[in-house]
Each structure stands twice: as C-alpha cells, then as structure tokens.
Amino acid sequence: MRSLTARQRQVLLLAANGNTNAAIAAWLGVSPHSVAEILTAAYRRLGASDRAQAVAIALAVGELGVHQIHIPNETRKAAA
C-alpha cells in the first residue's frame, strides 16, 4: 500500500467527518467530480472499495488519526 498524497488525505478526512462530495468541493473550490476522482485514487492506494472502508483502513494504518474524526453532538449525547 502506498501512502496517500496530502490532498487525498485532506479530502478523505473531510469525507470521514460526514461531508458530501459537493460540500467538500465547495469548501476546496473544486468540482464535485474532482473530489470523486481524488477519493477514487485514495481508495486505490488504500486497497478500499468505498468511502467507509477507506476511512477504516486509513485509521488502521495511521493515515488518519481517530482524534481527527469529529462526532456530532447529537450522536455523542445519544451514546452517553
């Protein structure tokens, strides 16, 4: 497995935090198609088949840190 590029890591982290491709695109000033292409390249590098698996693998191999994932307050309250 090859390491993610800085841009792939950034986009995957935004996705891991619940953002849609359209929201990520607006935030970064790129097209949603560009976001999809970046995520697809990240999936390939990680050996993942979808967003959830990519996030799980990235967490497991240290590409993303669990401290970078933000839990919405509603979810946090429901889990308590």
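Located above this text is the structure these notes cover.
Residues numbered from 1 in each chain as written. Predicted model: local features only at pLDDT ≥ 70, side-chain atom pairs only at ≥ 80, totals over all residues. Heavy atoms only, no water.

**What to know about the nonpolar core**
Move 1: With 19 residues, the main nonpolar core has V11, L12, I24, V35, L39, L46 and A54 as its most contacted residues.
Move 2: Taken together, the elements giving at least two residues each to this core come down to helix 1 (6–16), helix 2 (21–28), helix 3 (32–46) and helix 4 (51–61).
Move 3: When residues in this core are grouped by element, the largest group, six residues, is from helix 3.
Move 4: Not counting chain neighbours up to four residues away, the residues in contact with I24 comprise V11, L14, A15, N19 and V35. (Core = buried A, V, L, I, M, F, W, Y, C linked by side-chain atoms within 4.5 Å. Buried < 20%, exposed > 50% of the residue type's maximum accessible area, 1.4 Å probe, protein only. Helix = DSSP H or I, 4+ residues; strand = E, 2+ residues; numbered from the N terminus. Contact = heavy atoms within 4.5 Å.)

**Focus on helix 3**
Move 1: Spanning 15 residues, helix 3 covers 21 Å between terminal C-alpha atoms, matching the ideal 21 Å at 1.5 Å per step.
Move 2: Along helix 3, the residues classified as buried are V35, I38, L39, A41, A42, Y43 and L46.
Move 3: Buried residues in helix 3 make contact with helix 1, helix 2 and helix 4.
Move 4: Phi turns positive, to about 75°, at G47, one or two residues after helix 3. (Expected span 1.5 Å × (residues − 1).)

Scope: geometric values only; no functional claims are made or implied.
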